[in-house]
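# Structural features, examined
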Amino acid sequence: MKNTALTATHEALNAKMVPFAGYNMPVQYDGVNIEHEAVRTGVGVFDVSHMGEFLIEGPHALELIQKVGSNDASKLIIGKAQYSCLPNDDGGIVDDLIIYKLKEESYLLVVNASNIEKDWNWISSKNDVGATMRDLSEDYSLLAIQGPKAIEAMQALSSHDLANIKFYNFVVGDFAGIEHAIISATGYTGSGGFEIYCKNSEVKQIWDKVVEAGAKPIGLAARDTLRLEMGYCLYGNDITDTTSPIEAGLGWITKFSKKFTNSEALEDQKRRGPERKLVAFEIDERGIPRQGYDIVDSSGRTIGEVTSGTMSPSLGKGIGLGYVPTIFTDVGSKINIQIRKNAVPATVVKLPFYKG
């Protein structure tokens, strides 16, 4: 089990620690609902240092990224980031990721913790163009400072105007006494804020100053309820090696203006229309949908399964995502979630669940 540079800090705060993606991670401190509410109304800080970071550089860096990624990274300029995914050869997804253009011919790829080795091997196997690759995952830490009061609370920690960093933009500059941090507005909660990338040796100083400035420590359990209220996909649940970006509603990051891994098959799927799609649903009665629960039609026939589900702390009702045949995907469609012995009625809704 790996530790982050802040594991001892979390333990000193009496966080409940759990194994997650090979790391010893804080799942909660004071309770999921309390932490969730803190991010929706104030400011919280997450240690997400388990995430992976790859540096791809050199004259062929963009060529490699264009080949493995679904989005069009040629649109990136220095200081901008882009959400993308890595399609596999069989119609599924190796991982989803964020790409940062640091400099000309220099890109940072941020990947999911559980997929670091898999992604590295996959991208390396496609690197017949001679791009320089470095895995920085073990050397860097990542904090997510999230919530509507994040900018106001953290502005004193940086000389940069944090309010001027637009969504999916970043700056490299001073933060909490560290000179060269990446300050990035690429949040996963839907409540604003930003992320700080720094060296492992720097993260304790930043964490302490961020908490001192008013951020409440938040665990991974509330991170999951926050992202689900926005309908953001979680790798391993809503997107996997067997789900296509077209099925998952990620057509907007799948650009057929260029060739990439399996692009012809995905373009054909988009043209024909997928047989199933990822939908969002709300439970009409009492009940909490959980990952793996069956989705059934009015006659009790299984038509899909829940990929993510929870009791929404903000809405006070059961919400979830799952794949169903396209005839059930229109907003307002009625489906049922098999919760133990009961087929509980649910309605397909438009994302996000949480409107702010």
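So, here is what we can say about the structure in this document. All values reported here derive from a predicted model rather than from experimental measurement.

Now for the packing of aromatic side chains. If you walk through the whole model with that rule in mind, you get eight aromatic pairs. Plain terms: the ring middles of Tyr100 and Phe170 are 5.2 Å apart, the flat faces sit at 75° to each other, and that makes the pair edge-to-face. One end of the pair, Tyr100, is in strand β6 (residues 93-103); the other, Phe170, is in strand β10 (residues 170-175), and 70 residues separate them in sequence. We note that Tyr100, like Phe170, is buried.

Turning our attention to the pattern of salt bridges. This model, assessed by the stated rule, comprises 17 salt bridges. For Arg227, the salt bridge is made with Asp238, and the minimal N-O distance between the two is 2.9 Å. Here Arg227 is found in helix α7 (residues 220-230), whereas its partner Asp238 is found in the loop between α7 and α8 (263-272), with 11 residues between them in sequence. With relative accessibility at 1%, the residue Arg227 sits in the buried group.

With that out of the way, let us pick up the layout of surface pockets. Taken as a whole, the second largest pocket spans an internal volume of roughly 400 Å³. Lining the second largest pocket are 18 residues, with Leu102, Tyr140, Val172, His180 and Ile182 sitting closest to its centre. Taken together, the elements giving at least two residues each to the lining of the second largest pocket come down to β4 (52-57), β6, β7 (106-111), β11 (178-184) and β12 (193-199). Here the element with the most residues in the lining of the second largest pocket is β11; it accounts for four residues.

This paragraph deals with the pairing of strand β1 (residues 16-20). Examined bridge by bridge, β1 and strand β2 (residues 23-28) share five bridges and lie antiparallel to one another. Among the inter-strand pairings, Lys16 is bridged to a residue of β2, identified as Gln28. Remark: two residues form the turn of the hairpin made by β1 and β2, two consecutive strands paired antiparallel; Ala21 in that turn has positive phi of roughly 55°.

Core analysis: the largest hydrophobic core is formed by 41 residues, its most contacted members being Tyr100 and Ile239. When residues of this core are assigned to their parent elements, the largest contribution, four residues, is made by α7. Not counting residues within four places of it along the chain, the set of residues in contact with Tyr100 comprises Lys80, Ala81, Ser106, Tyr107, Leu108, Val110, Phe170, Ser184, Thr186 and Tyr197. Counting residues in hydrophobic clusters, the runner-up holds 27 residues, among them Ala15, Met154, Leu157 and Ile178.

Attention now moves to the side chain of Ser141. Relative to the helices and strands, Ser141 is located in strand β9 (residues 140-146). Here the side chain of Ser141 touches Asn200 through a polar contact of 2.7 Å, side chain to side chain. For Ser141, the contacting residues outside a window of four places in its chain are Ala5, Ser49, Ile196, Tyr197, Cys198, Lys199, Asn200 and Val203.

Turning our eyes to something else, we now look at the environment of Arg223. Relative to the elements of secondary structure, Arg223 occurs in helix α7. When its relative accessible area of 15% is taken as the criterion, Arg223 is described as buried. Spatially, the C-alpha atom of Arg223 lies 25 Å from that of Val172, the residues being 51 residues apart in sequence. Setting aside chain neighbours within four positions, we find Arg223 in contact with Phe46, Val48, Ala144 and Tyr188.

With that settled, consider helix α2 (residues 32-41). At 3.6 residues per turn, the α-helix brings residues three or four places apart onto the same side. Restricting attention to buried positions, one finds in α2 the residues Glu35, His36, Ala38, Val39 and Arg40. Summarising the contacts, the buried residues of α2 are in contact with β2, β3 (44-47), β9, β13 (216-217) and α7.

Right, let's talk about the packing of α2 against α7 for a bit. Relative placement of two packed helices is described by the angle separating their axes and the distance separating the axes. Running from amino to carboxyl end, α2 crosses α7 at an angle of 55°, the nearest separation of the two axes being 8 Å. One finds that α2 runs oblique with respect to α7. Crossing hand, α2 versus α7: right-handed. The segment α2 lies against α7, with Val32, Glu35, His36, Val39 and Arg40 engaging Ala221, Ala222, Thr225, Leu226, Glu229 and Met230. Looking at the contact of α2 with α7, its residues break down into six nonpolar, two polar and three charged.

Pairing is antiparallel around the closed barrel formed by six strands, whose spatial order is β14-β17-β16-β15-β18-β19. The mean angle between the axes of side-by-side strands here comes to 45°, regardless of whether they run parallel or antiparallel. Bridge count for strand β15 (residues 294-296) against strand β18 (residues 334-339) is two bridges, and the pairing is antiparallel. Its bridge partner being in β18, Val296 is matched across the sheet by Asn336. Contacts from α7 reach β16 (302-311) and β17 (318-325), with the element oriented near 125° to β16.

This paragraph deals with the sheet that holds β6. The five strands are arranged β5-β6-β7-β4-β8 in an open sheet whose pairing can be described as antiparallel. What marks the edges here is a single partner per strand, and that holds for β5 (81-87) and β8 (132-135). Across the sheet, the axes of successive neighbouring strands diverge by a mean angle of 25°, strand direction being ignored. Relative to β8, β4 is paired through four bridges, and the arrangement is antiparallel. Note on β8: the bridge partner recorded for Ile56 is Met133.

Here is what the cut-offs are and how they apply
- Residues numbered from 1 in each chain as written.
- Predicted model: local features only at pLDDT ≥ 70, side-chain atom pairs only at ≥ 80, totals over all residues.
- Heavy atoms only, no water.
- Phe/Tyr/Trp six-rings, centres within 6.5 Å; stacked < 30°, edge-to-face > 60°.
- Helix = DSSP H or I, 4+ residues; strand = E, 2+ residues; numbered from the N terminus.
- Buried < 20%, exposed > 50% of the residue type's maximum accessible area, 1.4 Å probe, protein only.
- Salt bridge = Lys/Arg side-chain N within 4 Å of Asp/Glu carboxyl O.
- 1 Å grid on protein atoms, 1.4 Å probe; cavity = no way out; pocket = protein on both sides within 12 Å on 5 of 7 lines; lining within 4 Å.
- Points joined across faces, edges and corners; volume = space filled by probe spheres on them.
- Pairing = 2+ DSSP bridges.
- Core = buried A, V, L, I, M, F, W, Y, C linked by side-chain atoms within 4.5 Å.
- Contact = heavy atoms within 4.5 Å.
- Polar contact = N/O pair within 3.5 Å; in protein donor to acceptor, adjacent residues only side chain to side chain.
- Axes fitted to C-alpha atoms, helices over the stretch in contact; angles between N-to-C directions.
- Parallel < 35°, antiparallel > 145°, perpendicular 65-115°, else oblique.
- Left-handed = near helix turned anticlockwise from the far one by under 90°.
- Nonpolar A, V, L, I, M, F, W, Y, C, P; charged D, E, K, R; others polar.

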